[in-house]
Amino acid sequence: MPRLSEVLAALETLWPADRAESWDAVGTVTGDPGQEVTRVLFAVDPVQEVVDEAVRLGADLLVTHHPLYLRGTTTVAAVSPKGRVVHTLIKNDVALHVAHTNADKADPGVSDALAGALDLRVTGPLVPDPDDPAGRRGLGRICELDHPLTVRELAERAAERLPATAQGIRVAGDPDAVVRRVAVSGGSGDSLFDRVRAAGVDAFLTADLRHHPASEFAASVGESPLALIDAAHWATEWPWCELAAAELDQISDRQGWGLRVHVSTTVTDPWTAHAASPVTTSPMGAPN
């Protein structure tokens, strides 16, 4: 069986820490470099439910996309949810490793996995990494569809292919507009609006779109049919867990490690229910 230090070195080849954004908090959070690793669990969020799943599974290493302490801390006392996570990990000898924006930029990365889940053909990054001479790494992806779809049909495909959440899929724009090229970005994407405008796409599929940025974006494209398709943050990033697990599986096979690699199916999207507004044709608009 490999040591944790060996597995982490392999993960570093997939998602080098120096490719993360300067504000990010990636890398190893807990774990003894000398401990043996036999079982690995991939998940989006390092929350208690996922850590408990890792313990039940007998995992020695939990790899998550989201950091545990993105903004730092001065205590890991078990008086807060994150402190309890740390205590559970250490008491049960479970290492925690984070690959966040370094996994977003990777080739393949988070947005490649999102595109793959939707059967979209990736043509390049939305925001190319200037340090990649091949032009394959970067944030987001520009994609093409094998056959044109309407915005409504693309949104329905996303609802069918991505993990189910209370939010579902929201659309801004003409549902009947035709989509041939689409930009995708796993996780929060409204900071990429300028890049999307310049990309010559028909739609942008991402998550966490806020009222004012979305409204201003819609106004700025004028008569352009460019539509916004907004999914849940967790749902757009979960496909990466399957991609990442497959990558580690391949490394394990080459090295003869025999790792057992798993993907968490615990839904950690924070929203738990959705009540749809009634459909109305009333010309009265919003209530007073």
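Residues numbered from 1 in each chain as written. Predicted model: local features only at pLDDT ≥ 70, side-chain atom pairs only at ≥ 80, totals over all residues. Heavy atoms only, no water.

Caption draft 1: Molecular detail of the overall build of the chain. Summing up its helical and strand segments, the chain has nine helices and 11 strands in all. Radius of gyration (C-alpha) of the chain: 20 Å, near the 19 Å computed for a compact globule of 288 residues. For the chain, the C-alpha atoms occupy an extent of roughly 65 × 50 × 30 Å along the three principal directions. The proportion of buried residues among the 288 residues of the chain is 50%. Across the chain, every contact between residues at least 6 apart in sequence was considered, and the portion connecting residues at least 24 apart equals 68%. The positive charge centre, built from 24 side chains, and the negative charge centre, built from 40, are 1 Å apart in the chain. (Helix = DSSP H or I, 4+ residues; strand = E, 2+ residues; numbered from the N terminus. Rg over C-alpha atoms; globule rule 2.2 N^0.38 Å. Buried < 20%, exposed > 50% of the residue type's maximum accessible area, 1.4 Å probe, protein only. Contact = heavy atoms within 4.5 Å. Lys, Arg positive; Asp, Glu negative; His and termini not counted. Charge placed at Lys NZ, Arg CZ, Asp CG, Glu CD.)

Caption draft 2: Examining the packing of aromatic side chains more closely. Counted by the stated rule, this structure contains five aromatic pairs. Measuring from ring centre to ring centre gives 6.2 Å for Phe193 and Phe204, while their planes differ by 75 degrees; the resulting arrangement is edge-to-face. Placement of the pair is Phe193 in helix 7 (residues 193-198) and Phe204 in strand 9 (residues 203-207), with a sequence separation of 11 residues. Ring pairing ties together the aromatic residues Trp15, Phe42 and Trp240, which thus form one cluster. (Phe/Tyr/Trp six-rings, centres within 6.5 Å; stacked < 30°, edge-to-face > 60°.)

Caption draft 3: Quick look at the environment of Glu242. Turning to its location among the elements, Glu242 is positioned in helix 9 (residues 233-255). Under the relative-accessibility criterion, Glu242 is labelled partly exposed at 45%. Residues Glu242 and Ser264 lie 22 residues apart in sequence; the distance between their C-alpha atoms is 9.2 Å.

Caption draft 4: Quick peek at unusual backbone geometry. Here Asp107 and Pro108 are connected by a cis peptide whose omega angle stands at 0 degrees. Unlike most non-glycine residues, Asp119 shows phi in positive territory, near 55 degrees. By the element assignment, Asp119 lies in the loop between helix 5 (110-117) and strand 5 (121-128).

Caption draft 5: Local environment of the layout of surface pockets. Taken as a whole, the largest pocket spans an internal volume of roughly 1,000 Å³. Of all the secondary-structure elements, those providing two or more residues to the lining of the largest pocket are helix 2 (48-57), helix 3 (81-91), helix 4 (101-104), strand 6 (138-150), strand 8 (178-188) and helix 9. Per element, the largest residue contribution to the lining of the largest pocket is four residues, and it comes from strand 8. Residue composition of the lining of the largest pocket, grouped by class: 16 nonpolar, 16 polar and 12 charged. (1 Å grid on protein atoms, 1.4 Å probe; cavity = no way out; pocket = protein on both sides within 12 Å on 5 of 7 lines; lining within 4 Å. Points joined across faces, edges and corners; volume = space filled by probe spheres on them. Nonpolar A, V, L, I, M, F, W, Y, C, P; charged D, E, K, R; others polar.)

Caption draft 6: Layout of the nonpolar core. Formed by 54 residues in total, the largest nonpolar core has its most connected members in Leu11, Trp15, Phe42, Leu61, Val182 and Trp240. Sorting elements by how many residues they give to this core places helix 9 first, with nine residues. Dropping the residues within four chain positions of it, Trp240 is found in contact with Trp15, Phe42, Val63, Thr64, His65, Ala99, Ala103, Gly109, Val110 and Ala113. Residues Ile142, Ala183, Ala214 and Leu228 belong to the second largest nonpolar core, which totals 15 residues. (Core = buried A, V, L, I, M, F, W, Y, C linked by side-chain atoms within 4.5 Å.)

Caption draft 7: Expanded view of the pairing of strand 4 (residues 95-98). Of the two faces of strand 4, the one carrying Ala95 and His97 and the one carrying Leu96 and Val98 are both buried. Bridge count between strand 1 (residues 27-30) and strand 4: three bridges; the pairing is antiparallel. Opposite Gly27, over in strand 4, you have Val98 as the bridge partner. Read as a crossover between parallel neighbours, the route from strand 3 (residues 61-64) over helix 3 to strand 4 is right-handed. (Pairing = 2+ DSSP bridges. Right-handed = clockwise from strand over helix to strand, strands pointing away.)

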